[in-house]
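Structural characterization, general
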Amino acid sequence: MGHVIIDASVAITFGNAHEFGIVSQLQTHAVVIGARTSGEVVRDPAAAALAFAVSDGSIRLASIDLENAAEQTALQQYDSRIAFRGRGDAETLALAVSRGYIVASDDRAVRSTAKADIGQARTASTVDILRWAVIEKRLDAAAAVAVLARLDIGPQIIRAAAVQGK
């Protein structure tokens, strides 16, 4: 089982739609969120959903290990970038690089940085999370599309897919 680290965009998107269980109950990936990132999810219902998932152990909190020089260096590298300075995104990317996690994000800057630094295969989005739930047979395709339509970024993704003919 691999690990996927979610950023605030994923936590907020699924949490606000009352669909956080799709993320927290992944079976093929252990789900992790950075401590900094969890602190950025401050409004309910997303904050409450994340807090519940952390308390029941379905999502694990992770932090940079202060005794691990590679993790500290990775965090410094991402914190030095203006787009990520002091944000959970820097920690998310640093943990992914140093621990081999897949990065799940819908943030364009996070996704493009993850693709450049760790590759397409270790970069995921909301659509990938829904696809994993379908593969795990927790949702069928129609239900996944219905969930996507309810997510705050869903209409944008659906329009883009229609333009691309997918």
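Our structure's up above, just so we're on the same page.
What this report covers is the structure whose coordinates are included nearby.

Each value, and the rule that gives it
Residues numbered from 1 in each chain as written. Predicted model: local features only at pLDDT ≥ 70, side-chain atom pairs only at ≥ 80, totals over all residues. Heavy atoms only, no water. Buried < 20%, exposed > 50% of the residue type's maximum accessible area, 1.4 Å probe, protein only. Helix = DSSP H or I, 4+ residues; strand = E, 2+ residues; numbered from the N terminus. Pairing = 2+ DSSP bridges. Arc of directions from axis to C-beta. Contact = heavy atoms within 4.5 Å. Polar contact = N/O pair within 3.5 Å; in protein donor to acceptor, adjacent residues only side chain to side chain. Salt bridge = Lys/Arg side-chain N within 4 Å of Asp/Glu carboxyl O.

Here we look at the pairing of strand E2 (residues 29–34)
Buried residues dominate E2, accounting for five of its six residues. Alignment of strand E1 (residues 2–6) against E2, held across five bridges, turns out to be parallel. Bridge assignment links His 3 to a residue of E2, and that residue is Ala 30. Bridging between E2 and strand E3 (residues 59–62) involves four bridges; their strand directions are parallel. When the bridges of E3 are listed, Gly 34 appears paired with Ala 62.

Considering helix H5 (residues 69–79)
Among the residues making up H5, those that are buried are Glu 71, Ala 74, Leu 75, Tyr 78 and Asp 79. In a view along the axis of H5, the buried residues occupy a sector of 130°, so they form one face of it. Along H5, the residues that are exposed and aim more than 90 degrees away from the buried face are Ala 69, Thr 73 and Gln 76. In the core, the buried residues of H5 are packed alongside helix H3 (35–38), helix H6 (88–99) and helix H7 (108–118). Its side-chain oxygen at 3.0 Å from the backbone nitrogen of Ala 70, Asn 68 defines the N-terminal cap of H5.

Overview of unusual backbone geometry
Apart from glycine, the bulk of residues carry a negative phi angle, and the bulk of peptide bonds sit in the trans form. In this structure, Pro 45 follows Asp 44 across a cis peptide bond, with omega equal to 10°. Its location among the elements puts Pro 45 in the loop between H3 and helix H4 (46–55). The phi angle at His 18 is positive, at roughly 60°, despite the residue not being glycine. Relative to the elements of secondary structure, His 18 occurs in the loop between helix H1 (8–16) and helix H2 (20–24).

Structural notes on the pattern of salt bridges
Applying the stated criterion across every chain, the model contains seven salt bridges. Where Arg 36 meets Asp 79, a salt bridge forms, and the shortest distance between an N and an O atom there is 2.8 Å. Of this pair, Arg 36 sits in helix H3 while Asp 79 sits in helix H5, placing them 43 residues apart in sequence. Taking the relative accessible area as the measure of exposure, Arg 36 reaches 28% and is therefore partly exposed. Taking the relative accessible area as the measure of exposure, Asp 79 reaches 18% and is therefore buried.

Points about H7
Listed as buried for H7 are Val 110, Arg 111, Thr 113, Ala 114 and Ile 118. One side of H7 carries all its buried residues, which in axial view fall inside an arc of 170°. Away from its buried face, by an angle of more than 90 degrees, H7 presents the exposed residues Arg 108 and Ala 116. Those residues of H7 that are buried are in contact with H5, H6, strand E4 (102–104) and strand E5 (123–124). Here H7 starts with a cap whose side-chain oxygen sits 3.0 Å from the backbone nitrogen of Ala 109, and that cap is Asp 107. Backbone geometry just after H7 places Gly 119 at a positive phi near 100°.

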